[in-house]
Amino acid sequence: MEFHDPWEGSTLTPLLVVENLGRRLGDRWLWQQVSFELAAGEALGISGASGTGKSLLLRSLVGLDPIDAGSVMFQGRFLKQWDIPRLRRSMIYLMQTPGLIEGTVEDNLRAVMELRSNGHSPYSRDRVLEILQTCNRDAAFLRQSVARLSGGERQLLALVRALQIDPIVLLLDEPTAALDPDTTRQVEALISQWQQQQPQRSYLWVSHSADQLQRMSHRTLTLPILS
Ligand SMILES: Nc1ncnc2c1ncn2[C@@H]1O[C@H](COP(=O)(O)OP(=O)(O)OP(=O)(O)O)[C@@H](O)[C@H]1O
């Protein structure tokens, strides 16, 4: 199976080049010959039935899951040439169910900035409040206990936590799957605003909603069902 990349031949320098990627599950290929490029500023949708390997594809792009064939190049360097913490700051994978620490929303945001792998960038409440404004949240959200957050609020927190690290590429794994329509629109607005603030920012967005992919991506790759 092979994907046709309609952006092939584009004069834009690609941020991400995926060539003939393959992933085995036991003695079968989950997917193979997956090839695509993500240009600076591009939004690429990923669709496919449950179990076709969308999450594993995103995870493999940042070395969280093994690759059995092919190569991934980010900003001109193969994955194995990257310092992995640095790669994962530049290209952040946002998982479906975010892992959070106990405490408040702000504890979670601050903890990430204090991690060595984030280069000791200082935590900035002003920066976070600016991001939160887009989704109608203020300082009261920062004081909330994580234990009392809804599924949607946990997703919002995970997104804000990623955005404050200032990535170039976001790998979004069904980021609104657990959200009501209003919060879904807020998340979409947040991502759009983030992307438009700097033209090189790009994202891959996995979704089961064709409408959402039409709103949020320039084009879509569909993973085929394993035969
Ligand atoms: N770490 C792993 N090792 C081996 N197999 C895995 C692993 N993680 C997931 N799988 C299997 O790989 C297949 C693809 O899983 P994946 O979560 O990538 O699918 P998906 O397309 O994202 O599904 P959904 O739309 O339901 O989220 C599934 O059959 C799953 O059971």
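See the structure shown above.
Residues numbered from 1 in each chain as written. Predicted model: local features only at pLDDT ≥ 70, side-chain atom pairs only at ≥ 80, totals over all residues. Heavy atoms only, no water.

A.B. asks: Looking at this structure, how should I read the pattern of salt bridges?
C.D. replies: Close approach of charged atoms allows side chains with opposite charge to pair. Counted under the stated rule, the structure contains seven salt bridges. Put simply, R23 and D65 hold a salt bridge, and the shortest N to O gap is 2.8 Å. Pair noted here: R23 is in strand 1 (residues 14-25) and D65 is in the loop between helix 1 (54-61) and strand 4 (69-74), with a separation of 42 residues, a long-range link. With a shortest N-O distance of 2.3 Å, E42 and R219 are connected by a salt bridge. (Salt bridge = Lys/Arg side-chain N within 4 Å of Asp/Glu carboxyl O. Helix = DSSP H or I, 4+ residues; strand = E, 2+ residues; numbered from the N terminus.)

A.B. asks: It is not clear to me how the sheet that holds strand 3 (residues 43-47) should be interpreted in this structure. Could you clarify?
C.D. replies: Backbone hydrogen bonds are what pair the strands of a sheet, in a parallel or an antiparallel way. Taken in spatial order, the five strands line up as 6-7-8-3-9 in an open sheet, and their pairing is parallel. Since the sheet does not close on itself, it has two edges, and those belong to strand 6 (91-94) and strand 9 (219-222), each with one partner. Strand-to-strand, the axes of this sheet are offset by a mean angle of 15 degrees, without reference to chain direction. Bridge count for strand 3 against strand 8 (residues 202-206) is four bridges, and the pairing is parallel. Bridged to A43 within strand 8 is Y203. Most of the contacts of helix 7 (residues 181-197) go to strand 8, to which it runs at about 155 degrees, and overall it touches strand 7 (169-173) and strand 8. (Pairing = 2+ DSSP bridges. Axes fitted to C-alpha atoms, helices over the stretch in contact; angles between N-to-C directions. Contact = heavy atoms within 4.5 Å.)

A.B. asks: In this structure, what is going on with the site of the ligand? I would like to understand it.
C.D. replies: Near the ligand lie 15 residues; those nearest to it are G53, K54, S55, L56 and H208. The contact in question runs from an oxygen atom of the ligand to an N or O atom on the side chain of H208, over 2.8 Å. Taken by itself the ligand offers 640 Å² of open surface, and the protein chains cover 57% of this. Of all the elements in the fold, those that place two or more residues in the shell around the ligand are strand 1 and helix 1. In terms of residue count, helix 1 provides more of the shell around the ligand than any other element does, three residues in total. Looking at the shell around the ligand residue by residue, the class counts come to four nonpolar, seven polar and four charged. (Near = heavy atom within 4 Å. Polar contact = N/O pair within 3.5 Å; in protein donor to acceptor, adjacent residues only side chain to side chain. Areas by Shrake-Rupley, 256 points an atom, 1.4 Å probe, with all protein chains shown as cover. Nonpolar A, V, L, I, M, F, W, Y, C, P; charged D, E, K, R; others polar.)

A.B. asks: What should I look at first to understand the environment of Y123 in this one?
C.D. replies: You can see Y123 is positioned in the loop between helix 3 (105-114) and helix 4 (125-133). Accessibility expressed as a relative area gives 18% for Y123, which makes it buried. Along the sequence, Y123 and L109 sit 14 residues apart, while their C-alpha atoms lie 7.7 Å from each other. (Buried < 20%, exposed > 50% of the residue type's maximum accessible area, 1.4 Å probe, protein only.)

A.B. asks: Please explain the packing of aromatic side chains as it appears in this structure.
C.D. replies: Here the distance between the centres and the angle between the planes together describe a pair of aromatic rings. Enumeration over the complete set of coordinates arrives at two aromatic pairs. Centroid distance F74 to W82: 5.3 Å. Interplanar angle 35 degrees. Geometry classified as tilted. Just as F74 is buried, W82 falls in that class too. The ring of W82 carries the charged tip of R77 above its face, separated from the ring centre by 4.3 Å. In this arrangement the basic side chain of R137 is found over the ring face of F141, its NZ or CZ atom lying 5.7 Å from the centre. (Phe/Tyr/Trp six-rings, centres within 6.5 Å; stacked < 30°, edge-to-face > 60°. Lys NZ or Arg CZ within 6 Å of the ring centre and 35° of its normal.)

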